[in-house]
Amino acid sequence: MHNLVTYTQQPIALRGGVGLTVAFEFNEAGLAGVHMSVCKLKGKGQNPPKASREHKLILDLLEGRAKLKSDAKFSKITIESPAHKVTWDIGIPLSEHQRKVYRKLISVKPGNTVSYAQLAREVGSAPRAIGGAMAHNPFPFLVPCHRVIKADGSIGGWSPMEGIDLKKALLAYEAEKR
């Protein structure tokens, strides 16, 4: 399959002049990936006043105003906020383990965290297997792997290029907006 659309969002201001850019990748079957990157914002770092519907949904997710839901097989995901709703088919194959872990993880609300061990207990798995599912998460941010931490409360690893710094920034932003 080839990519049909990659839609890049305007940066979302986190803190300290840092912005988060989110790109959605689609193929013929549906949503194929989510990519994130960090950028430096100019000026006061305010969010653009004329944000797209998707941009507003991302802000609503980060700030706890929107809900992310999936069907039982994690073949569709829906983001619903008071003002917007979007449903996407999942356009790439996922293992049954990934589907189970991602379904559970989307119930962790912004500003909250779950440990690898706790998530493993809840889905009948092992912490290392949870780490593997997080490392291969094609939808970071939508499936909020940044909310998974070590049992001792420390941050742990994270796979996007910006790694730990982006994870810390997302957790701090969500906690502040909670």
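For the structure, check the block above.
Reference entry: report on the structure contained in this document. All figures in this text were calculated on a predicted structure; none of them were measured in a lab. (Residues numbered from 1 in each chain as written. Predicted model: local features only at pLDDT ≥ 70, side-chain atom pairs only at ≥ 80, totals over all residues. Heavy atoms only, no water.)

A look at the packing of aromatic side chains
- Applying the stated rule across the entire model yields two aromatic pairs.
- Geometrically, the ring pair formed by Phe26 and Trp88 is edge-to-face, given 5.6 Å between the ring centres and 65° between the ring planes. Of this pair, Phe26 sits in strand S3 (residues 18–27) while Trp88 sits in strand S7 (residues 85–89); the two residues are 62 residues apart in sequence, bridging distant segments of the chain. Trp88 matches Phe26 in its accessibility class, with the two residues each being buried. (Phe/Tyr/Trp six-rings, centres within 6.5 Å; stacked < 30°, edge-to-face > 60°. Helix = DSSP H or I, 4+ residues; strand = E, 2+ residues; numbered from the N terminus. Buried < 20%, exposed > 50% of the residue type's maximum accessible area, 1.4 Å probe, protein only.)

Regarding the layout of surface pockets
- Empty space within the largest pocket amounts to approximately 300 Å³.
- Ala66, Lys67, Leu68, Ile106 and Pro110 are the residues nearest the centre of the largest pocket, which is lined by 17 residues in total.
- Contributions of two or more residues to the lining of the largest pocket are made by helix H1 (53–62) and strand S5 (67–70).
- Residues belonging to the lining of the largest pocket are distributed by class as follows: 10 nonpolar, two polar and five charged. (1 Å grid on protein atoms, 1.4 Å probe; cavity = no way out; pocket = protein on both sides within 12 Å on 5 of 7 lines; lining within 4 Å. Points joined across faces, edges and corners; volume = space filled by probe spheres on them. Nonpolar A, V, L, I, M, F, W, Y, C, P; charged D, E, K, R; others polar.)

Details of unusual backbone geometry
- The phi torsion at Phe74 lies on the positive side, around 50°, for a residue other than glycine.
- Note on placement: Phe74 falls in the loop between S5 and strand S6 (76–80).
- Under the relative-accessibility criterion, Phe74 is labelled buried at 1%.
- One non-glycine residue, Phe141, lies in the positive phi region at around 90°.

A few points about the sheet that holds S6
- The three strands are arranged S5-S6-S7 in an open sheet whose pairing can be described as antiparallel. The open sheet has two edge strands with one neighbour each: S5 and S7. For this sheet, the mean inter-axis angle between neighbouring strands, taken without regard to orientation, is 15°. (Pairing = 2+ DSSP bridges. Axes fitted to C-alpha atoms, helices over the stretch in contact; angles between N-to-C directions.)

Let's talk about helix H3 (residues 116–123)
- Listed in full, the buried residues belonging to H3 are Tyr116, Leu119, Ala120 and Val123. Burial along H3 is one-sided: seen end-on, the buried residues are contained in an arc of 105°.
- Residues of H3 that are buried in the fold lie against helix H2 (96–105), strand S8 (114–115), helix H4 (127–135), strand S9 (148–149) and helix H5 (163–177).
- Gly124, located one to two residues past H3, shows a positive phi value of around 70°. (Arc of directions from axis to C-beta. Contact = heavy atoms within 4.5 Å.)

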